[in-house]
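Below, each chain spelled out in residue letters.
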Amino acid sequence: MDKLNLRREVNAARTNLSPEQLRANSIKVRETLLEQPWVQMAGLVACYWSTGSEPDTHGLVFALWKHGATVILPVLREDNDLDWAVYDGPDTLAPGRYGIMEPVDTRRGVDAVRTAALVIVPALAVDRTTGVRLGRGGGSYDRALSRVGPNVPTVALLHDGELIDGVPREPHDRQVRYAMTPSGLTSLM
């Protein structure tokens, strides 16, 4: 299946998830991820502010911040690359491009993600054998992931059924090391 059709299929499945299921999935993803020692020890975490039917990251970002991690969130630039800014509580966000909430803090630049000890990214699907993630098609997170060191844990948050075989891969596509679903954490590399 090509990327466009796979995106349509995953988005259609996500729209069928009830608000209760979305909430339950998000809690399981958050709690299991927060149990990982390498998550607890990460001093600087690059994450994202979820929208729509994505596994909710709002509670995750808040929990990481409350436990002392510095959390940086993306700020979408005009060229679709990701700048980064520090999250300093729920009152420090404002709508950015496409209405996605972004930190109002000073921009740290596209290379700020290089200093993160943990990188959490959105995905529509991840290939269970290669770790290739399927994003929304803008390439923003592939560019960001290309700046992350090979030993830094990179985690895609998914719903059950989105860790699959056969995600199409193009030369610019980047892999993630872990997939986190409500059913648990899967190591991919």
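As shown above, the structure is provided for reference.
Residues numbered from 1 in each chain as written. Predicted model: local features only at pLDDT ≥ 70, side-chain atom pairs only at ≥ 80, totals over all residues. Heavy atoms only, no water.

## Here's the deal with the sheet that holds strand S1 (residues 44-46)
Line of reasoning, step 1. In space, the 7 strands of this open sheet follow the order S3-S2-S1-S6-S9-S11-S12, with mixed pairing throughout. Edge positions in the sheet fall to strand S3 (82-87) and strand S12 (184-187), since each of these pairs with one other strand and no more. On average, each strand axis in the sheet is inclined to that of its neighbour by 25 degrees, with strand direction left out of account.
Line of reasoning, step 2. As judged from the 6 bridges shared by strand S2 (residues 70-76) and S3, these two strands associate in the antiparallel manner. Among the inter-strand pairings, Val71 is bridged to a residue of S3, identified as Tyr87.
Line of reasoning, step 3. Packed onto the sheet, helix H2 (residues 19-34) meets strand S6 (118-122), strand S9 (154-157) and strand S11 (178-181) and runs at close to 135 degrees relative to S11. (Pairing = 2+ DSSP bridges. Helix = DSSP H or I, 4+ residues; strand = E, 2+ residues; numbered from the N terminus. Axes fitted to C-alpha atoms, helices over the stretch in contact; angles between N-to-C directions. Contact = heavy atoms within 4.5 Å.)

## Regarding the environment of Arg169
Line of reasoning, step 1. The residue Arg169 is located in the loop between strand S10 (163-164) and S11 in this model.
Line of reasoning, step 2. Spatially, the C-alpha atoms of Arg169 and Asp127 are 9.5 Å apart, while their sequence positions differ by 42 residues.
Line of reasoning, step 3. Look past the residues within four positions of Arg169 in its chain and what remains in contact with it is Val132 and Gln175.

## What about the side chain of Asp81?
Line of reasoning, step 1. Along the chain, the position of Asp81 falls in the loop between S2 and S3.
Line of reasoning, step 2. Those residues in contact with Asp81 that lie beyond four places of it in its chain are Val75, Leu76, Val110, Arg143 and Arg147.

## Topic: the packing of aromatic side chains
Line of reasoning, step 1. Enumeration over the complete set of coordinates arrives at 5 aromatic pairs.
Line of reasoning, step 2. Judged by centre distance (6.0 Å) and plane angle (25 degrees), the rings of Trp49 and Tyr87 are stacked. Taken together, the residues Trp49 in the loop between S1 and helix H4 (58-66) and Tyr87 in strand S3 connect sequence positions 38 residues apart. Across this residue pair, the class does not change: Trp49 and Tyr87 are buried.
Line of reasoning, step 3. For the ring pair Phe62 and Trp65, a centre distance of 5.6 Å and an interplane angle of 55 degrees mean the geometry is tilted. Of the two residues, Phe62 and Trp65 both sit in helix H4, 3 residues apart, roughly one turn of that helix.
Line of reasoning, step 4. The class for Phe62 is partly exposed, based on a relative accessible area of 35%.
Line of reasoning, step 5. Looking at Trp65, the relative accessible area reads 24%, which means it is partly exposed.
Line of reasoning, step 6. An aromatic cluster is defined as three or more aromatic residues linked by ring pairs; in this entry it consists of Trp49, Phe62, Trp65 and Tyr87. (Phe/Tyr/Trp six-rings, centres within 6.5 Å; stacked < 30°, edge-to-face > 60°. Buried < 20%, exposed > 50% of the residue type's maximum accessible area, 1.4 Å probe, protein only.)

Spatial relationships are all this shows, so hold off on functional conclusions.
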